[in-house]
Amino acid sequence: MSETTVTVESAAAEATSCCGSCGTGAAPAAESGRTSVFQVKGMTCGHCVSSVTAELKKLDGVEEVAVDLATGRVTVGSTLPLADSAVAAAVDEAGYELVGRVEA
């Protein structure tokens, strides 16, 4: 009689799941998006919005910028934490003044 060798690989090594809800694999890592809101002084028109948006989008990790011209609030979506000093420099480069961070 001949001897047969069987190699069994871990099912977890082969099985993956798109969401992990069935327990067959790890769920994909969710991106930890951050949202920060800042008060900016001096914006009065669409050009102001464009300038502030363009400068903020140059910051590392910034993915989205939404400006509420009526209130002067700028909401920034990023993948990295934003230093107030970096945001202030970007807003200053656009020609406006960062009043501060708005706490939720």
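Throughout what follows, the structure given in this document is the object of discussion. (Residues numbered from 1 in each chain as written. Predicted model: local features only at pLDDT ≥ 70, side-chain atom pairs only at ≥ 80, totals over all residues. Heavy atoms only, no water.)

## Considerations on the overall build of the protein
Now for step 1: A count of helices and strands for the protein gives 3 helices and 4 strands.
Now for step 2: Starting at the N terminus and ending at the C terminus, the protein contains elements arranged as α-β-α-β-β-α-β.
Now for step 3: In the protein, which comprises 104 residues, the share counted as buried stands at 25%.
Now for step 4: Put simply, 57% of the contacts in the protein that link residues at least 6 apart link residues at least 24 apart. (Helix = DSSP H or I, 4+ residues; strand = E, 2+ residues; numbered from the N terminus. Buried < 20%, exposed > 50% of the residue type's maximum accessible area, 1.4 Å probe, protein only. Contact = heavy atoms within 4.5 Å.)

## Some details on the pairing of strand E3 (residues 73–78)
Now for step 1: In terms of strand pairing, strand E1 (residues 34–41) meets E3 through 6 bridges, oriented antiparallel. Bridge pairing in E3 places Thr 35 opposite Gly 77.
Now for step 2: Pairing geometry for strand E2 (residues 62–68) and E3, over 6 bridges, is antiparallel. Across the sheet, Asp 68 pairs through a bridge with Arg 73, a residue of E3.
Now for step 3: Here E2 hands over to E3 after 4 residues, with Gly 72 in that stretch at a positive phi of 80°. (Pairing = 2+ DSSP bridges.)

## What about the environment of Leu 82?
Now for step 1: Locating Leu 82 in the fold gives a position in the loop between E3 and helix H3 (84–94).
Now for step 2: Non-local contacts of Leu 82, meaning those with residues more than four positions away in its chain, are made with Ser 36, Phe 38, Asp 60, Val 62, Val 76, Val 87 and Arg 101.

## Some thoughts on H3
Now for step 1: Every buried residue of H3 is accounted for by Val 87, Ala 90, Val 91 and Ala 94. Buried residues of H3, viewed axially, fall in a sector of 95°; they line one side. Those residues of H3 that are exposed and angled more than 90 degrees off the buried face are Ser 85, Asp 92 and Glu 93.
Now for step 2: Buried residues along H3 sit against E1, helix H2 (46–56) and strand E4 (97–102).
Now for step 3: Gly 95 sits one or two residues past H3 and shows a positive phi near 105°. (Arc of directions from axis to C-beta.)

## As for the nonpolar core
Now for step 1: Among the nonpolar cores identified, the biggest contains 18 residues, and Leu 56, Val 74, Val 87 and Tyr 96 are the most heavily contacted of them.
Now for step 2: The dominant element in this core, judged by the number of residues it contributes, is H3, at 4 residues.
Now for step 3: Residues within four places of Val 87 in sequence aside, it is in contact with Phe 38, Leu 56, Leu 59, Leu 82 and Leu 98. (Core = buried A, V, L, I, M, F, W, Y, C linked by side-chain atoms within 4.5 Å.)

## Some thoughts on the environment of Gly 33
Now for step 1: Within the secondary structure layout, Gly 33 lies in the loop between helix H1 (11–14) and E1.
Now for step 2: With a relative accessible area of 62%, Gly 33 lands in the exposed category.
Now for step 3: Considering only alpha carbons, one finds Gly 33 and Leu 80, 47 residues apart in sequence, at a separation of 7.7 Å.

So, to be careful, I would describe these as geometric facts and stop short of saying anything about function.
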